[in-house]
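Coordinate analysis (summary)
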Amino acid sequence: MTAAIFRGPANALCMGVAIGVLFVTVGWASPSNPQTEQANAPGAASRRIGAIKSINGSSITLTPDSGADVNVSVQPATRIVRIAPGEKDLKNSTPIQLQDLQVGDRVLVAGKTAEDNRSLTASTVVVMKSSDVETLHQHELQDWQKRGVDGLATAVDAAAGTVTISARGKRIVIHSSQTTVVRRYAPDSVKFEDAKAGTLQEVHSGDQVRAHGERSADGGELQAEEIVSGSFPSIAGTVNSVDASSSTLSVHDLAGKRNVVVKIAADSQLRNLPPEMAQRIAMVLKGAAMGSQPGAVSSSGSPAGETPHAASPSTGTGGAGASGTGMGGPSGGSPDFQRLLTRAPATSLTDLHKGDAVLILSTAGSTGVGTVITLLSGVEPILRAAPGASSASLLTPWSLSAPSGDAGGP
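Quantities reported herein were computed from a predicted structural model and do not represent experimental measurements. (Residues numbered from 1 in each chain as written. Predicted model: local features only at pLDDT ≥ 70, side-chain atom pairs only at ≥ 80, totals over all residues. Heavy atoms only, no water.)

1. Considering helix α2 (residues 130–147)
- With 18 residues, α2 should cover 26 Å at 1.5 Å per step; its first-to-last C-alpha distance of 25 Å lies within 8% of that length.
- Within α2 the residues assigned to the buried category are Val-133, Leu-136, His-137, Glu-140, Leu-141, Asp-143, Trp-144 and Arg-147. (Helix = DSSP H or I, 4+ residues; strand = E, 2+ residues; numbered from the N terminus. Expected span 1.5 Å × (residues − 1). Buried < 20%, exposed > 50% of the residue type's maximum accessible area, 1.4 Å probe, protein only.)

Structure (structure tokens):
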């Protein structure tokens, strides 16, 4: 998905890894150290990791990664050092002053806990400047955009360490090694930072997969440095009912012939497809369906399977020009829903009515009720054009995001 999905500090993972190594380096408490058990006792050695919420004189309000805010008292003898994102040794840190700290900076604070257990007298403050984190994040964005691929898994060979995906109609074989980082999205989250360590055995056909690494010259293979996958159900169906009070939607899944309930969250993306855009996509799907017939021509008059007035990948515009109805798909390929979604107007749950046709991508949900990632209404022409198509095939271009925020791929 676009940056609207998987928004968040992917760099927090980097901070966590770096800080974990620093604990060992300087001998502070860690999850495997018995000191941790006494970390909350008054006067005991303690540490907190989080972001600076406010600074008032020599007092810092810290919002930790877990738990309530902590008031940190910085003394004249407190050691304050700055490290670069990803750095794992305090020997490479730089001493700085309290006035160099800013709201939003990521910090690790070590010191002694006060009796109220909500205050900490700092002996050491390790700082990762928000500007440095943003620079790293931008580098990650560029790296995933340049060397990333994404699509639906079509085959998994855990023994061979490979995952085959379909990315915009192209077959790509992803190779893993012992050094490849493998993660799995959480059932109730589409946030990259919520992804947990996983294995290739957890990846199944139809799962969303993203990876980045070194591609082969023809783009058909990738030696992965990192792979992240997840099961995100896609639904093509009609609205049964809308419950605005509970922010839920009941949909009849046409493929599964069953009713499904999904909930709308604050960051769910709801879009309505304008009629002319839906008709153009329907023409493409009809053309693709006729493509196996020699000499077949779509209803637009273009050769079957060809995207009428396909948008230029470099400009994002096409025959539609300023009308904004260009689909951005590669010539002869599927419509580019990524680009399409940025042009479709936003809608809301209250705009949906019984009988409306919708396409939905959601989380699996740990309790059986998924959370909508993206919902697209106004898709009646699309469902009529491809009644036998699975919702997954229609939603393939709606790739989930990793740190890049933008889809990778050829």
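2. A word on the packing of aromatic side chains
- Evaluation of the coordinates by the stated rule reveals 1 aromatic pair.
- The interplanar angle of 65° and the centroid separation of 5.5 Å between the aromatic rings of Tyr-185 and Phe-232 together place this pair among those described as edge-to-face. You can see Tyr-185 sitting in the loop between β10 (181–184) and β11 (196–197) and its partner Phe-232 sitting in the loop between β13 (221–230) and β14 (234–243), a full 47 residues away along the chain.
- Residue classification places Phe-232 among the buried positions, given a relative accessible area of 7%. (Phe/Tyr/Trp six-rings, centres within 6.5 Å; stacked < 30°, edge-to-face > 60°.)

3. Thoughts on the nonpolar core
- Val-72, Ile-80, Leu-101 and Val-109 are the most contacted members of the largest nonpolar core, which totals 16 residues.
- Listing elements by their share of this core, those giving two or more residues are β2 (59–64), β3 (70–82), β5 (106–113) and β6 (119–128).
- Apart from the residues lying within four places of it in its own chain, the contact partners of Val-109 are Ser-46, Arg-47, Arg-48, Leu-62, Val-72, Leu-120, Ala-122, Thr-124 and Val-125.
- Ile-165, Val-182, Leu-200 and Ile-227 belong to the second-largest nonpolar core, a separate cluster that totals 15 residues. (Core = buried A, V, L, I, M, F, W, Y, C linked by side-chain atoms within 4.5 Å. Contact = heavy atoms within 4.5 Å.)

4. Some thoughts on the pattern of salt bridges
- Inspection of the entire model under this criterion finds 9 salt bridges.
- A salt bridge links Glu-214 to Arg-147; the shortest N-O distance between them is 2.7 Å. With Glu-214 in strand β12 (residues 208–215) and Arg-147 in helix α2, this residue pair connects regions lying 67 residues apart in the sequence.
- Taking the relative accessible area as the measure of exposure, Arg-147 reaches 14% and is therefore buried.
- One salt bridge connects Glu-225 with Arg-147, and the closest N-O pair in it is separated by 2.9 Å. Residue Glu-225 is located in strand β13, and its partner Arg-147 is located in helix α2; the two are separated by 78 residues in the primary sequence.
- A relative accessible area of 37% means that Glu-225 is categorised as partly exposed.
- Sharing partners across several salt bridges, the network here consists of Asp-143, Arg-147, Glu-214 and Glu-225. (Salt bridge = Lys/Arg side-chain N within 4 Å of Asp/Glu carboxyl O.)

5. What to know about the environment of Leu-349
- On the secondary structure map, Leu-349 appears in the loop between α4 (337–343) and β18 (357–362).
- With 86 residues separating them along the chain, Leu-349 and Lys-263 place their C-alpha atoms 9.9 Å apart.
- Aside from chain neighbours lying at most four places away, what touches Leu-349 is Val-242, Asp-243, Ala-244, Ser-247, Thr-248, Leu-249, Ile-264 and Leu-270.

6. Quick word on the pairing of strand β16 (residues 258–263)
- When strand β15 (residues 248–253) meets β16, the two strands line up antiparallel, connected through 6 bridges. Residue pairing for β16: Asp-253 is matched across the bridge by Arg-258.
- As consecutive antiparallel partners, β15 and β16 are separated by 4 residues, and within that stretch Lys-257 has a phi angle of approximately 50°, a positive value.
- Bridging between β16 and strand β19 (residues 370–377) involves 2 bridges; their strand directions are parallel. Counterpart to Val-262 in the pairing with β19 is Gly-370. (Pairing = 2+ DSSP bridges.)

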